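# Understanding the architecture of this molecule
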Amino acid sequence: MAVAEKIDTPLLDELEKGPWPSFVTEIKKARQTSPMCDDLLGQLELSYREKIGHWKHGGIVGVLGYGGGVIGRYSDVPEKFPRVAHFHTMRINQPAGWFYTSDALRTLCDIWERHGSGLTNMHGSTGDIIFLGTRTEELEPCFQELTANGFDLGGSGSSMRTPSACVGPARCEWACYDTLKLCYDLTMTYQDELHRPPFPYKFKIKCAGCPNDCVASIARADLSIIGTWKDDIQQDDDAVAAYAAEGVNIQKDVVDRCPTRCMEWDGAKLTINNRECVRCMHCINVMPKALRPGKERGATILIGAKAPIVQGALLSSVLIPFVPEEELEETVKELINRVWEFWDEHGMNRERIGELIQRVGMANFLDAIGLEPVPEMVSAPRDNPYIFFRTDEEQA
């Protein structure tokens, strides 16, 4: 079988124009060490020209003992581009908070250059380290080298996907619980569910240390654990006055943008009605030296977010309004076990937990997992971020 020669890529070249970074440029750079990248560019150019995707899924590939972690991908034009006839993706479990040493990064890249295309995605929406493109016979040797160097595969398929967390208390002063510790503990506790898919569909857990939600858990995680506080915002009146003296328009930039209008500014004193505060973090983000999260810290647990695949997108709904930090690990594990038991019994194929709740109703779901309804379990307007308005003619 003849190896494809380098070809011109005029359509892909268009994606290199402009001031922004381009994946095309990076693939071209990788040509120097990986001949697979020549065929990859050729197949992509063909797809752009014919407006047809030339990747296909066929068969199940993996490593010994695992049912997930590898996403099989094959070319449907292998005779034209034989070096990407197999182009499997490997998901590697990332360290909590995405902290690496330079030695760890070099180790990962060296392993991947030996066994795959050398192309990586750091990080995909899954959170994992993504190794893009290898042949079937290279999967096991690559996995053996990864494990020998302290790395493991992440989740794929109908499994618990690799838990992810923000940098938490390691770098962020707003963290209301230790996201890194909880993420690591959940990863180690649920190894079977991570590596041997047992569920109707995927289940994602994301740990955000504060309501800024830097891992976007409220939009992407089946179980969101978002740090918050129960008492009053910590307030330094002298620092507030200093912000005002430095030119911050506290009325316009802080008070008027509070979603619940729980703040007042008389020109000298900022007053907060903490009973009306919804912990949006806006005021704290604007004046970080003057305002801080309260001292009674913990997390809110939410459930049911997903992207629009089988059905429309969902944002997480509150399940437990507040769990103290010292009780968080035990509460989360107990809750996960109850949710999974109900989902395993009643979930349909490729049905996310949020879709199951929509189908059976939140009341029935809460009854099944043994939780009492509380006012914080709001169903609207935060269930679906995609709102469609009908025209007057359609309504008629």
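For the structure itself, look to the data block above.
What comes next concerns the included structure.

Here the focus is helix H13 (residues 353–360). The complete set of buried residues in H13 reads Ile353, Gly354, Glu355, Leu356 and Ile357. Structurally, H13 contributes buried residues whose contacts are with strand E14 (297–303), helix H12 (328–346) and helix H14 (362–369). Positive phi appears at Gly361, one or two residues downstream of H13, with a value of about 95 degrees.

Here the focus is the packing of aromatic side chains. The final tally for this structure, using the stated rule, is nine aromatic pairs. Pairing Phe203 with Trp340 gives two aromatic rings, centres 5.6 Å apart and planes at 85 degrees, and the pair type is edge-to-face. Note that Phe203 is positioned in the loop between helix H7 (191–195) and strand E8 (205–208) and Trp340 in helix H12, a separation of 137 residues in sequence. You can call Phe203 buried: its relative accessible area is 1%. Judged by relative accessible area, which is 5%, Trp340 ranks as buried. Every member of this aromatic cluster is reached through a ring pair, and the members are Tyr190, Phe199, Phe203, Trp340 and Trp343.

Another aspect to go through is the environment of Phe151. Checked against the element boundaries, Phe151 lands in the loop between helix H5 (139–148) and strand E7 (164–165). Counting along the chain gives 51 residues from Phe151 to Lys202, while the straight-line C-alpha distance between them is 22 Å. Those residues in contact with Phe151 that lie beyond four places of it in its chain are Ile92, Asn93, Ala104, Leu108 and Leu146.

Okay, the pairing of strand E15 (residues 317–324) next. In terms of burial, E15 is a largely internal element, six of the eight residues being buried. Pairing of E14 with E15, which is carried by five bridges, proceeds in the antiparallel orientation. When the bridges of E15 are listed, Leu302 appears paired with Val318.

Ile225 and Phe365 are the most contacted members of the largest nonpolar core, which has 36 residues in total. Broken down by secondary-structure element, the contributors of at least two residues to this core are helix H6 (179–189), E8, strand E9 (223–229), E14, E15, H12, H13 and H14. Looking at this core element by element, the count peaks at eight residues for H12. Other than its neighbours up to four places away in sequence, Ile225 contacts Tyr177, Leu182, Leu186, Ile205, Lys206, Cys207, Ala208, Ala299, Thr300, Leu328 and Val332. In terms of nonpolar packing, the next biggest core, distinct from the first, is built from 24 residues, Val254, Met263, Cys277 and Met287 among them.

This next bit is on the sheet that holds E9. Strand order in the open sheet formed by five strands is E7-E8-E9-E14-E15, with mixed pairing between adjacent strands. On the outer flanks of this sheet lie E7 and E15, each paired with one strand and no other.

We now examine a nonpolar patch on the surface. On the surface, Leu11, Leu15, Phe23 and Tyr48 cluster together to form a nonpolar patch covering roughly 340 Å² of accessible area. Here Tyr48 shows up in helix H3 (residues 36–50).

Looking only at helix H2 (residues 23–30), the buried set comprises Val24, Ile27 and Ala30. With its buried residues spanning 120 degrees around the axis, H2 presents them on a single face. Lining the buried residues of H2 we find helix H1 (10–14), H3 and strand E5 (119–121). Looking at where H2 begins, the residue whose side-chain oxygen comes 3.1 Å from the main-chain nitrogen of Val24 is Ser22.

The full count for this structure, using the stated rule, is 19 salt bridges. In this structure, the salt-bridge partner of Arg31 is Asp38, at a minimum N-O distance of 2.7 Å. According to the relative accessible area criterion, Arg31 is partly exposed, its value standing at 21%. The exposure class assigned to Asp38 is buried, which follows from its relative accessible area of 12%. Between Asp39 and Arg83 there is a salt bridge; the shortest N-O distance is 3.2 Å. Here Asp39 is found in helix H3, whereas its partner Arg83 is found in the loop between strand E3 (74–75) and strand E4 (89–92), with 44 residues between them in sequence.

Cut-off values and rules
Residues numbered from 1 in each chain as written. Predicted model: local features only at pLDDT ≥ 70, side-chain atom pairs only at ≥ 80, totals over all residues. Heavy atoms only, no water. Buried < 20%, exposed > 50% of the residue type's maximum accessible area, 1.4 Å probe, protein only. Helix = DSSP H or I, 4+ residues; strand = E, 2+ residues; numbered from the N terminus. Contact = heavy atoms within 4.5 Å. Phe/Tyr/Trp six-rings, centres within 6.5 Å; stacked < 30°, edge-to-face > 60°. Pairing = 2+ DSSP bridges. Core = buried A, V, L, I, M, F, W, Y, C linked by side-chain atoms within 4.5 Å. Patch = residues over 30% accessible without salt bridge, like charges linked within 9 Å, V, L, I, M, F, W, Y side chains within 5 Å. Areas by Shrake-Rupley, 256 points an atom, 1.4 Å probe, with all protein chains shown as cover. Salt bridge = Lys/Arg side-chain N within 4 Å of Asp/Glu carboxyl O. Arc of directions from axis to C-beta. Polar contact = N/O pair within 3.5 Å; in protein donor to acceptor, adjacent residues only side chain to side chain.

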